[in-house]
Amino acid sequence: MAEMKIVFTKDAAFPAGPYSQAIATSSTIFCSGQIPCTPEGTILTRPDSTISQMTELCIKNLTAVLEAAGSSISKVVKVNVFLTSMDDFVEMNGTYEKFFTHKPARSCVAVYQLPKGVPVEIECIALA
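These remarks concern the structure in this document. Just so it is clear, the structure is predicted and the values come from calculations on it, not from any experiment.

1. Some words on the packing of helix H1 (residues 51-68) against helix H2 (residues 89-99)
Any two packed helices are characterised by the angle at which their axes cross and by the distance between the axes.
Next up, step 1: Interaxial distance between H1 and H2 falls to 8 Å at its minimum, and their mutual angle equals 35°. Where H1 crosses over H2, the handedness of that crossing is right-handed. Packed against H1, whose contacting residues are Ile 51, Ser 52, Thr 55, Glu 56 and Ile 59, the element H2 presents Glu 91, Met 92, Thr 95, Tyr 96 and Phe 99 at the interface.
Next up, step 2: The class makeup of the residues in the contact of H1 with H2 is 5 nonpolar, 3 polar and 2 charged.

This is how it looks when you write it as structure tokens:
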């Protein structure tokens, strides 16, 4: 049976519930969804922040979690993006593509709502 390790870093947003920032196995890192929240707990919201800024913070949080697990954003193989409005799709993509230049597999879905009232959440799976 493969070993599982809980991943936690203070360099990403603290989990908003009873879950880990990620679970690492010998071959794969499963990252929980990251919302636009700073490691200090400040949640970016409209109208003070754009979808671009919020998307970037989600990805920076994922990057910190992946690095804490011994991986990196360049090893991401699958991404799931959750938006509360597809009106934000184009702006989110404009920021997303700056970080995921290797074009991992991805799904993007519109959902009714997300935790803490944020408009975007991003999760991923990466190679160890």
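2. Topic: the nonpolar core
Next up, step 1: Among the nonpolar cores identified, the biggest contains 30 residues, and Ile 29, Cys 31, Leu 66, Val 76, Val 79, Val 81 and Ile 122 are the most heavily contacted of them.
Next up, step 2: Breaking this core down by element, the ones donating at least two residues are strand S2 (22-24), strand S3 (28-34), H1, strand S4 (76-83), H2 and strand S6 (120-127).
Next up, step 3: Ranked by residue count, the leading element in this core is H1, at 9 residues.
Next up, step 4: Filtering out sequence-adjacent residues up to four positions away, Val 79 remains in contact with Tyr 96, Phe 100, Pro 104, Ala 105, Arg 106, Ser 107, Ile 122, Glu 123 and Cys 124.
Next up, step 5: With 6 residues, the next largest nonpolar core counts Ala 13, Cys 37, Leu 114 and Val 118 among its residues.

3. Digging into the environment of Ser 71
Next up, step 1: Relative to the helices and strands, Ser 71 resides in the loop between H1 and S4.
Next up, step 2: What makes Ser 71 buried here is its relative accessible area of 8%.
Next up, step 3: Once the C-alpha coordinates of Ser 71 and Gly 117 are considered, the two residues, 46 residues apart in sequence, prove to be 30 Å apart.

4. What to know about the packing of aromatic side chains
Next up, step 1: Using the criterion set out here, one finds 2 aromatic pairs in the structure.
Next up, step 2: Relative to Phe 14, the ring of Phe 8 has its centre 5.8 Å away and its plane inclined at 75°; by these criteria the two rings are edge-to-face.
Next up, step 3: Look at Phe 8 and you get partly exposed, because its relative accessible area is 47%.
Next up, step 4: In this structure Phe 14 comes out as exposed when scored by relative accessible area, which is 61%.
Next up, step 5: Its end group placed over the ring of Tyr 96, Arg 106 keeps NZ or CZ at 4.5 Å from the ring centre.

Calculation notes
Residues numbered from 1 in each chain as written. Predicted model: local features only at pLDDT ≥ 70, side-chain atom pairs only at ≥ 80, totals over all residues. Heavy atoms only, no water. Axes fitted to C-alpha atoms, helices over the stretch in contact; angles between N-to-C directions. Helix = DSSP H or I, 4+ residues; strand = E, 2+ residues; numbered from the N terminus. Left-handed = near helix turned anticlockwise from the far one by under 90°. Contact = heavy atoms within 4.5 Å. Nonpolar A, V, L, I, M, F, W, Y, C, P; charged D, E, K, R; others polar. Core = buried A, V, L, I, M, F, W, Y, C linked by side-chain atoms within 4.5 Å. Buried < 20%, exposed > 50% of the residue type's maximum accessible area, 1.4 Å probe, protein only. Phe/Tyr/Trp six-rings, centres within 6.5 Å; stacked < 30°, edge-to-face > 60°. Lys NZ or Arg CZ within 6 Å of the ring centre and 35° of its normal.

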